[in-house]
Amino acid sequence: MSLTLLLFLILGVLSIASAIVTISSRNPVVSAMALVLHFFMLSGLYLTLQAQFVAVMQILVYAGAIMVLVVFVIMLLNLGDEKKLSEKWNIRRIVAILFAFVLAIQFISIYITNLPDAAFIPESAAFNGTVQAIGTDLFTNYLVQFEAIAVLLLAAIVGALLLAKRKIT
Amino acid sequence: MINAIPLEYYLGLASIIFLIGTVGVLVRRNAIIVFMSIELMLNSVNLTFVGFSTYLGDTAGQVFVFFVMAVAAAEAAIGLAIVLALFRNKQTIYVDEVNVLKW
């Protein structure tokens, strides 16, 4: 077993474990911390895929910004441990979860049977992950979408302020 | 370039994480945990994007991950503001106790 594969296995097992802790913990703070660990593990996985820019953005945006927001809201709400973890179980929910499993099996089978010709990482991949390559693509081919993201973020700021206001005058 | 990890491993891992996120959304009643489960699902899709981007030698997948992250950040701000407004009005964040629209 090569070192890269060993690294992938460690990161993969830890990311799955932390994801399970996230959805199964009674204490919301434990969930949030497990999710931070999950984001760091995913960042490591991006590094094994030679995507340095995405790996750094993962830590900055998710672990740095979004999770701080989530932890802040947990603190503001002052929640205790949940006594009842899930809603009442009825036939509809059980069927929904069964369908989720069917969906996952479908994903895995599609991936395994219908892959494009991608057995090896091409030589250009190391350059494709850099800020230079992504920046060039972002500001030439995807300029309109980039501007649209700016408008979206502005709308999100205005919306969040409006929702957080106690009274709108 | 010699590579030890096949693309299928990344895709399988992403499917498993997506499944965990789906179960979290369907089962949990705490709105913040539901919210975190949605983040899990978005992240697993990101992993798929980056995997294909690397193995096909195309930058487009990573640019898409950038967009997904921006949308996730906007969604986080709005979603948590909604949770706060909900808590202020109903004193609960458990989704089964919020049934104003149910009839």
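Conventions we followed
Residues numbered from 1 in each chain as written. Chains lettered and ligands numbered in written order. Predicted model: local features only at pLDDT ≥ 70, side-chain atom pairs only at ≥ 80, totals over all residues. Heavy atoms only, no water. Core = buried A, V, L, I, M, F, W, Y, C linked by side-chain atoms within 4.5 Å. Buried < 20%, exposed > 50% of the residue type's maximum accessible area, 1.4 Å probe, protein only. Domains from an automatic or database assignment. Contact = heavy atoms within 4.5 Å. Buried area = accessible area lost by both parts, 1.4 Å probe. Polar contact = N/O pair within 3.5 Å; in protein donor to acceptor, adjacent residues only side chain to side chain. Helix = DSSP H or I, 4+ residues; strand = E, 2+ residues; numbered from the N terminus. pLDDT = per-residue confidence, 0-100. Axes fitted to C-alpha atoms, helices over the stretch in contact; angles between N-to-C directions. Parallel < 35°, antiparallel > 145°, perpendicular 65-115°, else oblique. Left-handed = near helix turned anticlockwise from the far one by under 90°. Nonpolar A, V, L, I, M, F, W, Y, C, P; charged D, E, K, R; others polar. 1 Å grid on protein atoms, 1.4 Å probe; cavity = no way out; pocket = protein on both sides within 12 Å on 5 of 7 lines; lining within 4 Å. Points joined across faces, edges and corners; volume = space filled by probe spheres on them. Salt bridge = Lys/Arg side-chain N within 4 Å of Asp/Glu carboxyl O. Phe/Tyr/Trp six-rings, centres within 6.5 Å; stacked < 30°, edge-to-face > 60°.

Asker: When you look at the nonpolar core in this model, what are you seeing that I'm missing?
Answerer: Soluble globular proteins: nonpolar side chains tend toward being buried together. Leu45, Met67 and Val70 of chain A together with Tyr10, Ile32, Met36 and Leu47 of chain B are the most contacted members of the largest nonpolar core, which has 69 residues in total. Looking at which domains feed residues into this core, each of domain 1 (3-129) and domain 2 (130-169) of chain A gives three or more. If we ignore the near neighbours within four places in the chain, the residues touching Ile32 of chain B are Val70, Val73, Ile74, Leu77 and Leu79 of chain A together with Val83 and Ile93 of chain B.

Asker: I tried to follow the interface of chain B and chain A on my own but got confused; where do I start?
Answerer: Where interface size is given, it is often the accessible area lost as the parts come together that is meant. Taken together, the contacts link 73 residues of chain B with 87 residues of chain A. Both faces combined, the contact of chain B with chain A buries some 7,300 Å², and carbon together with sulfur accounts for 77% of it. In this structure, the connection of chain B to chain A is made through seven residue pairs in polar contact (both at pLDDT 80 or more). Every element with two or more residues in the side of chain B that touches chain A is listed here: α1 (7-27), α2 (31-56) and α3 (60-90) of chain B.

Asker: How should I be thinking about the confidence of the model for chain A in this particular structure?
Answerer: Atomic detail in the predicted coordinates should be set aside for any region of low pLDDT. Across chain A, the average pLDDT comes to 85, with 89% of residues at or above 70. For chain A, helix α4 (residues 91-113) of chain A is the element with the lowest average pLDDT, namely 77, and helix α2 (residues 28-48) of chain A is the one with the highest, namely 93.

Asker: Would you mind showing me how to read the packing of α1 of chain B against α2 of chain B here?
Answerer: The relative placement of two packed helices is expressed as an angle between their axes plus a distance between the axes. Residue and element names in this part refer to chain B. Here α1 crosses α2 at 165 degrees, and the two axes come no closer than 8 Å. Between α1 and α2, the angle is such that the two are roughly antiparallel. By crossing handedness, the relation of α1 to α2 is classed as left-handed. Judged by residue contacts, Leu7, Tyr10, Leu11, Leu13, Ala14, Ile17, Phe18, Ile20, Gly21, Thr22, Gly24 and Val25 of α1 engage Val34, Ser37, Ile38, Leu40, Met41, Ser44, Val45, Leu47, Thr48, Gly51, Phe52 and Tyr55 from α2. When its residues are assigned to classes, the contact of α1 with α2 shows 17 nonpolar, seven polar and no charged.

Asker: Sorry if this is basic, but what is going on with the layout of surface pockets here?
Answerer: Over the atoms, a rolled probe matching the size of one water molecule traces out where space is still vacant. Here the second largest pocket is characterised by a volume of approximately 250 Å³. Residue lining of the second largest pocket: 16 residues in total, with Leu69 and Ala160 of chain A together with Ala77, Leu80 and Ala81 of chain B positioned closest to the centre. When contributions to the lining of the second largest pocket are tallied by element, the ones reaching two or more residues are α3 (52-77) and α7 (143-164) of chain A together with α3 of chain B. For the lining of the second largest pocket, the class distribution of residues is 16 nonpolar, no polar and no charged.

Asker: I keep staring at the domain arrangement of chain A and nothing clicks. Help me out?
Answerer: All names here are of chain A. Parsing chain A into structural domains produces domain 1 (3-129) and domain 2 (130-169). Summing both partners gives a buried area of about 470 Å² for domain 1 against domain 2, and 73% of it is carried by carbon and sulfur. Applying the counting criterion to the domain 1 and domain 2 interface returns zero salt bridges. At the junction of domain 1 and domain 2, the tally comes to two residue pairs in polar contact (both at pLDDT 80 or more). Those elements that place two or more of their residues in the side of domain 1 that touches domain 2 are α3 and α5 (125-128). No other element matches the three residues that α5 contributes to the side of domain 1 that touches domain 2. Across the side of domain 1 that touches domain 2, the residue classes tally to three nonpolar, three polar and no charged.

Asker: Can you walk me through the packing of aromatic side chains in this structure?
Answerer: For any pair of aromatic rings, geometry is given as the distance between the ring centres together with the angle between the planes. All names here are of chain A. Tallied over the full model, the rule gives eleven aromatic pairs over all chains. Aromatic side chains Phe139 and Phe146 sit 4.8 Å apart centroid to centroid with 65 degrees between the ring planes, which places their arrangement in the edge-to-face category. Overall, Phe139 belongs to the partly exposed group, its relative accessible area being 46%. Overall, Phe146 belongs to the partly exposed group, its relative accessible area being 23%.

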